[in-house]
Amino acid sequence: MAGTDRTKALRTRRHSRVRRKVAGTAERPRLAVSRSLRHITAQVIDDTSGRTVAAASTADRELRAALSGKGGGNVGAAQAVGRLVATRAKAVGVTKVVFDRGGFKYHGRVAAVADAARSEGLEF
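What you see is a predicted model; the values in this text were computed from it and never measured. (Residues numbered from 1 in each chain as written. Predicted model: local features only at pLDDT ≥ 70, side-chain atom pairs only at ≥ 80, totals over all residues. Heavy atoms only, no water.)

> Could you clarify how one ought to interpret the pattern of salt bridges in this entry?
Any two side chains of opposite charge can pair, given that their charged atoms come close. Scanning the model with the defined rule gives six salt bridges in all. Between Asp47 and Arg19 there is a salt bridge, and its shortest N-O distance comes to 3.8 Å. Placement of Asp47 in the loop between strand E2 (40-46) and strand E3 (51-57) and of Arg19 in helix H1 (residues 3-21) is noted, with a sequence separation of 28 residues between them. Residue classification places Asp47 among the partly exposed residues on the basis of a relative accessible area of 26%. (Salt bridge = Lys/Arg side-chain N within 4 Å of Asp/Glu carboxyl O. Helix = DSSP H or I, 4+ residues; strand = E, 2+ residues; numbered from the N terminus. Buried < 20%, exposed > 50% of the residue type's maximum accessible area, 1.4 Å probe, protein only.)

> Sorry if this is basic, but what is going on with the packing of aromatic side chains here?
Here a ring pair, both rings aromatic, is described through the centre-centre distance and the interplanar angle of the planes. Using the criterion set out here, one finds two aromatic pairs in the structure. With a centroid separation of 5.9 Å and 90° between ring planes, the pair formed by Phe99 and Tyr106 is classed as edge-to-face. Classification of Phe99 as buried rests on a relative accessible area of 15%. Grouped by ring-pair contacts, the aromatic residues Phe99, Tyr106 and Phe124 constitute a single cluster. Over the ring of Phe124 we find Arg118; its NZ or CZ atom is 4.4 Å from the centre of that ring. (Phe/Tyr/Trp six-rings, centres within 6.5 Å; stacked < 30°, edge-to-face > 60°. Lys NZ or Arg CZ within 6 Å of the ring centre and 35° of its normal.)

So this is what it looks like as structure tokens:
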């Protein structure tokens, strides 16, 4: 197995292990984080109805303009995504979420999204 294939397989295994324990409900949806080398995405998901309640990404026009060409693969962009998803979630009435790190380590950009969402008022 090649290096990148093994890395993806290990992340998928970690993610399935996390998802066995973490599920979003209508009262406490799941804040799911996904990252790539270029972008980071956060979604607030109600798993019982299968709906995305709020979402934010570095690919959004709002954030691309705010980042002004610095790219979406850094901690500053991740903090902006965390703040934006928290603002959008609070706008639809969500204040408590359960955090789903998506099989990624709670470090760097993933932790930055969580910390920024917490600072905007989301409770984990």
